[in-house]
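Next come the chains, spelled out residue by residue.
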Amino acid sequence: MSTAMNFGSKSFTPRPPDKGAFPLDHFGECKVFKEKFMKCLRENSFENASCRLESKEYLECRMERQLMAKEPLEKLGFKDLTDEKSEAKHKKL
């Protein structure tokens, strides 16, 4: 019975959400990118490997608008797509 008395003595300390938890896009700031990605998935039998560019653009939109924490694209699995972009820049120079 003495444990029932101790419930009030513990205080709850809020903590930030775990990685991967981020705000919903309530204002539709990235809706165009999301729709483009979803269309690509439908057209490719939901094979996400075929829609990596659309996925990358959607995540970039979310990061730019602070709807998720900024992460290097390489860390999100887009190293090959960022390498292509940097190679194209070097060829133009």
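Placed above this text is the structure.
A brief structural summary. None of the values given here were measured: they were computed from a predicted structure.

### Section: the pattern of salt bridges
The tally for this structure, following the rule as stated, stands at seven salt bridges. Notably, a salt bridge pairs Lys-34 with Glu-35, separated by 3.7 Å at the nearest N-O pair. The class for Glu-35 is partly exposed, based on a relative accessible area of 36%.

### Structural notes on helix H1 (residues 31-43)
Across its 13 residues, H1 extends 18 Å between first and last C-alpha, which sits within 8% of the 18 Å expected from 1.5 Å per residue. Buried residues along H1 sit against helix H2 (52-64). Two residues or fewer after H1 comes Ser-45, characterised by a positive phi angle close to 50°.

### Details of the state of the cysteines
A full pass over the atoms with the stated rule returns two disulfides. Each sulfur in the disulfide pair Cys-30 and Cys-61 lies 2.0 Å from the other. In this structure the cystine formed by Cys-30 and Cys-61 twists about its S-S bond by roughly -95°; its chirality is therefore left-handed. Here Cys-30, found in the segment before H1, pairs with Cys-61, found in helix H2; they are 31 residues apart in sequence, far enough to count as distant. In this structure Cys-61 comes out as buried when scored by relative accessible area, which is 1%.

Calculation notes
- Residues numbered from 1 in each chain as written.
- Predicted model: local features only at pLDDT ≥ 70, side-chain atom pairs only at ≥ 80, totals over all residues.
- Heavy atoms only, no water.
- Salt bridge = Lys/Arg side-chain N within 4 Å of Asp/Glu carboxyl O.
- Buried < 20%, exposed > 50% of the residue type's maximum accessible area, 1.4 Å probe, protein only.
- Helix = DSSP H or I, 4+ residues; strand = E, 2+ residues; numbered from the N terminus.
- Expected span 1.5 Å × (residues − 1).
- Contact = heavy atoms within 4.5 Å.
- Disulfide = S-S within 2.5 Å.

Geometric values such as these leave the question of function open.
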